[in-house]
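# Structural description and commentary
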Amino acid sequence: MEGAMTESREHFALDWIKRELDETLNTARQALEAYAASDRDETKMRACLTYLHQVHGTLLMLELTGVTVLSDEMEQLAQAMLAGSVAKVDVAQQLLMQSILQLPAYLEEIQKGVPDSRRAVLPLANELRGARGVEPIADSGSRAG
């Protein structure tokens, strides 16, 4: 019963804050678009990173472990882009944009009762890791999350 109780609390909290998360992700998207259009103006990427950091922090507080993995990878890729340590910036921008656009869909699935799971977000999270030149997260069914 405790598991169901926790899940309903998560959904209640997510319902309560989903619009704000969507708005923050939309603002991050606009900052990323401005970064791409401005010949990679660092202040635009810093703004995008700030919004992604807010989203990541919110998901951590909601204890949504699966989507938190994705938001963490999004934030880390934005940091790497800001630091200039990404080899293929165009690919990184596309992947970051794709994840910004897909995260709300994952959140909607959770609202509809689909369990929050790392497995659902792992392919995209691993693409983000690949853009940073980092090894993928193993998809072992025995790991928590």
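What counts, and at which threshold
Residues numbered from 1 in each chain as written. Predicted model: local features only at pLDDT ≥ 70, side-chain atom pairs only at ≥ 80, totals over all residues. Heavy atoms only, no water. Helix = DSSP H or I, 4+ residues; strand = E, 2+ residues; numbered from the N terminus. Buried < 20%, exposed > 50% of the residue type's maximum accessible area, 1.4 Å probe, protein only. Contact = heavy atoms within 4.5 Å. Areas by Shrake-Rupley, 256 points an atom, 1.4 Å probe, with all protein chains shown as cover. Salt bridge = Lys/Arg side-chain N within 4 Å of Asp/Glu carboxyl O. pLDDT = per-residue confidence, 0-100. Axes fitted to C-alpha atoms, helices over the stretch in contact; angles between N-to-C directions. Parallel < 35°, antiparallel > 145°, perpendicular 65-115°, else oblique. Nonpolar A, V, L, I, M, F, W, Y, C, P; charged D, E, K, R; others polar. Expected span 1.5 Å × (residues − 1). Left-handed = near helix turned anticlockwise from the far one by under 90°.

## Re the overall build of the protein chain
Helix and strand counts for the protein chain stand at 5 helices and 0 strands. Reading the protein chain from its N end, one meets helices and strands in the order α-α-α-α-α. Counting every position in the protein chain, which comprises 145 residues, the buried fraction comes to 41%. Put simply, 69% of the contacts in the protein chain that link residues at least 6 apart link residues at least 24 apart. Here the protein chain displays about 7,900 Å² of accessible surface, and carbon together with sulfur accounts for 53% of that area.

## Description of the pattern of salt bridges
In the structure shown here, the tally under the stated rule is 8 salt bridges. Of the charged contacts, one joins Arg 29 and Glu 33 as a salt bridge, the two residues approaching to 2.9 Å between their closest N and O atoms. Here Arg 29 and its partner Glu 33 are both found in helix H1 (residues 2-37), 4 residues apart, which amounts to about one turn of the helix. One salt bridge connects Arg 129 with Glu 73, and the closest N-O pair in it is separated by 2.8 Å. In this pair, Arg 129 sits in helix H5 (residues 118-131) while Glu 73 sits in helix H3 (residues 65-83), placing the two residues 56 residues apart along the sequence. Each of the two residues, Arg 129 as well as Glu 73, counts as buried.

## A look at the confidence of the model for the protein chain
Residues at a pLDDT of 70 or more form 88% of the protein chain, whose mean pLDDT is 90. Predicted confidence is poor over residues 1-6, with pLDDT under 50, and the contacts of this stretch with residues over four places away or in other chains come to 1 contact.

## Looking at the packing of H3 against H5
Close contact between H3 and H5 brings their axes to 8 Å; oriented N to C, the two are set at 10 degrees. Our classification of the angle between H3 and H5 gives roughly parallel. Contacts from Thr 65, Gly 66, Val 67, Val 69, Leu 70, Glu 73, Met 74 and Leu 77 in H3 reach Arg 118, Val 121, Leu 124, Ala 125, Leu 128, Arg 129 and Ala 131 in H5. The residue makeup of the contact of H3 with H5, split by class, is 10 nonpolar, 2 polar and 3 charged.

## Looking at helix H2 (residues 42-62)
Taking 1.5 Å as the rise per residue, H2 with 21 residues should run 30 Å; its terminal C-alpha atoms sit 30 Å apart, in good agreement. Residues Met 45, Cys 48, Leu 49, Leu 52, Val 55, His 56, Thr 58, Leu 59 and Leu 62 constitute the buried set of H2. Just beyond H2, the residue with positive phi is Glu 63, at close to 60 degrees.

## As for the packing of helix H4 (residues 89-111) against H5
At their nearest, the axes of H4 and H5 sit 10 Å apart, and the two run at 160 degrees to each other. Taken as axis vectors, H4 and H5 run roughly antiparallel relative to one another. Between H4 and H5 the crossing geometry is left-handed. Along the contact surface, H4 presents Ala 92, Leu 95, Leu 96, Gln 98, Ser 99, Gln 102 and Tyr 106, while H5 presents Ala 120, Val 121, Leu 124, Glu 127, Leu 128 and Ala 131. Taken together, the residues of the contact of H4 with H5 sort by class into 9 nonpolar, 3 polar and 1 charged.

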